[in-house]
Amino acid sequence: MNSIIKKDQQHVWHPFTHLKYAEAPIHIVKGEGAYFYDADGNKLLDGISSWWVNLHGHCHPYISQKVSEQLNILEHAIFSSFTHEPAVSLAERLIGHLPSNQSKIFYSDNGSTAVEVGLKMVMQYWHNQGIHKKKFIAFENAYHGDTFGGMSVGARNVFNNAFENLLFDVIHIPLPDAENIEQLKSTLQTWFTNHNDIAGFIFEPLVQGAAGMLMYEATHLDELISICQVNHIICIADEVMTGFGRTGEFFASDHLTHKPDIVCLSKGLTGGYMPLGVTSCAQFIYEACVSDDKTKTFFHGHSYTANPTACSAALASMDLMEKEETWTQIRLISALNVQFVTEHKNHSKLADVRSLGTVLALELKTEEHTHYLNKASESIASYFLKNAIIIRPLGNVLYLIPPYCITEKELMGVYDCMESFLNQI
């Protein structure tokens, strides 16, 4: 055991880690393209984009150059009463790609805070008008981050059991499908008719990531958004995971006819380089906080709001996102995923196999019915690591969400490893 790992175990508390039985962490010393290199000289394929954040590959020379240049100009500046070019340029670029109803960009630090900002925007919108609306609608199995607002609109599960009595009340509904969509619409309309306290509807569009890459149809989500907006319920799209090409479109909201009023972004926003969160909103939400009454100010902010170095990384990532070569790669990954699903949809070891864009998920048949705590995750991760591929399963759900720089040969190698794993269990 090298000195870094020894010191790590002495001083560091890792996230989402079962501390008593956790194995020693792997000491990563370098990243390049789709790979990590560890202290023992092993080359490991990053099959999950380092928790879904890396878009273009590790240490991409173009993003690294732009970040380096920014560090020699302005590393950080207070963003209350001041501004700077990277933040303004990034806001303009994002608005150009987001749904056309989006008007303003509010910066924060990460995905959880981007969601928290969105929830607070909705609550303050109604508060500033003297209307008592506090309740949210969210999907079952949702995950919207680890702040108290994010936990409240998320599923009540192992992530937040310890804090349940501190979370605000939320109406959780099942994901829509062909069998329940009409009943869901009828139920929502009944609630809206009989209750006047529903403020907003928050959702992960088309893919629920932490729930096990659960996927659902855009047409069904469209119908729910439509009925919400007709009844003046503000809709929040949590695109922290689904943004920046993951679903095959720039944003998952691009699959929709009815657009959200608020969009939350992070993860791939900076190409995996630096923490940065964005909450965009429609103009009517912004205007609710424009008043002669100072108490209607949106009193929210972070010390590192709109950090110029992070904004520069995001601008460089946006440059790469706007290149045809990136979309060629996204289409390649998406097509190969579809081919894999077609070839394995009836596999005896799988309860389901599904894909959307660059996201591929294999749900294993197991005796355990639990999801995140399913013991299958340990054997899956171990098998792939022995084959030099980093996979972090969601319980019995084995998924792939690679950086866009992955080659067809490398991707086929991951598929081969998936097949060999299925054949040996």
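Reading guide: rules and limits
Just so you know, the residues in each chain are numbered from 1, in the order the chain's sequence is written. Selection of residues for local features in this predicted model requires a pLDDT of at least 70, selection of side-chain atom pairs for listing and counting requires 80 or more, and totals for whole chains, interfaces and linings are taken over all residues. By convention in this description, side-chain values take in all heavy atoms of the structure and omit both hydrogens and water. The numbering of helices and of strands both runs from the N terminus, where a helix is a DSSP run of H or I of at least 4 residues and a strand a run of E of at least 2. Just to be clear, the radius of gyration here is over C-alpha atoms, and the globule rule we use is 2.2 Å times residues to the power 0.38. The classification of residues rests on relative accessible area computed with a 1.4 Å probe and restricted to protein chains. Under 20% of the type maximum is buried, over 50% is exposed, and intermediate values are partly exposed. Residue contacts are counted whenever heavy atoms from the two residues lie within 4.5 Å of one another. Pairing between two strands is assigned when DSSP locates at least 2 bridges connecting them. Each residue carries a pLDDT score, the predictor's confidence in it, ranging from 0 to 100. Working definition: the arc comes from the directions between the helix axis and the C-beta atoms, pointing outward to the latter. The nonpolar core is taken to be a set of buried Ala, Val, Leu, Ile, Met, Phe, Trp, Tyr and Cys residues, with the residues joined through side-chain atoms within 4.5 Å. Axis definition: a line fit to C-alpha positions, over the contact stretch in the case of helices; interaxial angles, taken between N-to-C directions, run 0 to 180 degrees. An angle below 35 degrees is treated as roughly parallel, one above 145 as roughly antiparallel, one from 65 to 115 as roughly perpendicular, and anything else as oblique. Crossing handedness: left-handed means the near helix sits turned counterclockwise from the far one by under a right angle, and right-handed means the same turn made clockwise. Polar here means any residue outside two lists: the nonpolar Ala, Val, Leu, Ile, Met, Phe, Trp, Tyr, Cys and Pro, and the charged Asp, Glu, Lys and Arg; Gly therefore counts as polar. Between rings of Phe, Tyr and Trp, where Trp is taken as its six-membered ring, a pair exists when centres lie within 6.5 Å; planes separated by under 30 degrees are stacked, by over 60 edge-to-face, and by other angles tilted. Each patch groups residues whose relative accessible area exceeds 30% and which form no salt bridge, using 9 Å between like charges and 5 Å between nonpolar side chains of Val, Leu, Ile, Met, Phe, Trp and Tyr. Each accessible area is a Shrake-Rupley estimate made with a 1.4 Å probe; only the visible protein chains count as cover when residues are assessed. Between Lys or Arg on one side and Asp or Glu on the other, a salt bridge is scored when a side-chain nitrogen of the former is within 4 Å of a carboxyl oxygen of the latter.

### Remarks on the overall build of the chain
Secondary structure assignment for the chain yields 13 helices and 16 strands. Rg of the C-alpha trace for the chain: 22 Å, near the compact-globule value of 22 Å for 425 residues, within the 12% margin. Here the chain holds 425 residues, and the buried ones make up 50% of them. Sequence-distant contacts, at least 24 apart, represent 70% of the contacts inside the chain between residues at least 6 apart.

### Section: the sheet that holds strand S1 (residues 28–32)
Backbone hydrogen bonds hold the strands of a sheet together, and the pairing may be parallel or antiparallel. Taking strand neighbours across the sheet as the criterion, the four strands line up as S1-S2-S3-S15 in an open arrangement whose pairing is mixed. Only two strands of the sheet have a single partner each, and these edge strands are S1 and strand S15 (389–390).

### Description of the confidence of the model for the chain
Residues at a pLDDT of 70 or more form 100% of the chain, whose mean pLDDT is 96. Within the chain, the element-level pLDDT minimum falls on helix H12 (residues 376–386), averaging 94, and the maximum on strand S11 (residues 262–265), averaging 99.

### A short note on helix H3 (residues 61–71)
For H3, the complete set of buried residues consists of Ile63, Val67 and Gln70. Seen from one end, H3 has its buried residues packed into an arc of 60°, which puts them on one side. Where H3 is buried, its residues contact helix H4 (85–97) and helix H10 (308–321).

### Concerning the nonpolar core
One finds Leu94, Tyr107, Phe244 and Met418 to be the most contacted residues of the largest nonpolar core, which totals 53 residues. Here the element with the most residues in this core is helix H13 (residues 408–424); it accounts for seven residues. In contact with leucine 94, other than residues within four places in its own chain, are Ile105, Phe244, Leu265, Leu269, Val278 and Met318. Within the second largest apolar cluster, 38 residues are counted, among which are Phe36, Leu206, Val207 and Ile225.

### Focus on the packing of H3 against H10
Two numbers describe how H3 lies on H10: the axes approach to 9 Å, and their chain directions differ by 150°. Taken together, the axis directions place H3 and H10 in an arrangement best described as roughly antiparallel. As for the relative orientation of H3 and H10, their crossing is right-handed in sense. Facing H3, whose interface residues are Tyr62, Ile63, Lys66, Val67, Gln70 and Leu71, H10 presents Pro308, Thr309, Ser312, Ala313, Ala316, Ser317, Asp319 and Leu320. Residues of the contact of H3 with H10, tallied by class, amount to eight nonpolar, four polar and two charged.

### Points about the packing of aromatic side chains
Using the criterion set out here, one finds 21 aromatic pairs in the structure. Centroid distance phenylalanine 139 to phenylalanine 201: 5.5 Å. Interplanar angle 85°. Geometry classified as edge-to-face. A residue pair is termed long-range when its members are at least 10 positions apart, and phenylalanine 139 in strand S5 (residues 135–139) and phenylalanine 201 in strand S7 (residues 198–203) qualify at 62 residues. You can call phenylalanine 139 buried: its relative accessible area is 1%. Chaining the aromatic ring pairs together yields one cluster made of Phe16, Trp51, Tyr143 and Phe159.

### Section: a nonpolar patch on the surface
Side chains of Ile26, Ile28 and Leu385 sit close together on the surface and give an oily, nonpolar patch of about 220 Å² of accessible area. Mapped onto the secondary structure, isoleucine 26 falls in the loop between helix H1 (3–11) and S1. A relative accessible area of 41% places isoleucine 26 in the partly exposed class.

### Remarks on the packing of H12 against H13
Running from N to C, H12 and H13 point in directions that differ by 130°, and their axes come no closer than 11 Å. Regarding the angle of H12 to H13, the classification is oblique. By crossing handedness, the relation of H12 to H13 is classed as right-handed. Of the residues in H13, those touching H12 at Ser379, Ile380, Tyr383 and Phe384 are Val414, Cys417, Met418, Ser420, Phe421 and Gln424.

### Details of the side chain of asparagine 337
Looking at the secondary structure, you find asparagine 337 in helix H11 (residues 324–344). Every residue in contact with asparagine 337, bar those within four places of it in the chain, is listed here: Ser355, Gly357, Thr358, Val359, Leu360 and Tyr415.

### Quick look at the pairing of strand S10 (residues 234–238)
Extensive coverage of S10 is indicated by the burial of five of its five residues. Residues Ile234, Ile236 and Asp238 line one face of S10 and the alternating positions Cys235 and Ala237 line the opposite face, and both faces are buried. When S7 meets S10, the two strands line up parallel, connected through four bridges. Looking at S10, one finds that isoleucine 202 is bridged to isoleucine 236. With three bridges joining them, S10 and S11 adopt parallel strand pairing. Across the sheet, residue alanine 237 finds its bridge partner in S11, namely valine 263.

### As for the pattern of salt bridges
In this structure the tally under the stated criterion is 11 salt bridges. Put simply, lysine 30 and glutamate 32 hold a salt bridge, and the shortest N to O gap is 3.5 Å. Two residues, aspartate 197 and lysine 135, come together in a salt bridge whose shortest N-O distance is 3.9 Å. Here lysine 135 lies in strand S5 and aspartate 197 lies in the loop between helix H7 (181–194) and S7, a separation of 62 residues in the sequence.

### Observations concerning the sheet that holds strand S13 (residues 350–356)
As summarised here, the arrangement of the three strands in space is S13-S14-S16, forming an open sheet in which the pairing is antiparallel. In this open sheet, the two edge strands, each paired with only one partner strand, are S13 and strand S16 (397–400). Adjacent strand axes in the sheet meet at a mean angle of 10°, parallel and antiparallel pairs treated alike. By the bridge criterion, four bridges tie strand S14 (residues 359–364) to S16 in an arrangement that is antiparallel. By the bridge assignment for S16, leucine 360 is matched with leucine 400. In the packing of H11 onto the sheet, contacts are made with S13 and S14, and the angle to S13 comes to roughly 160°.

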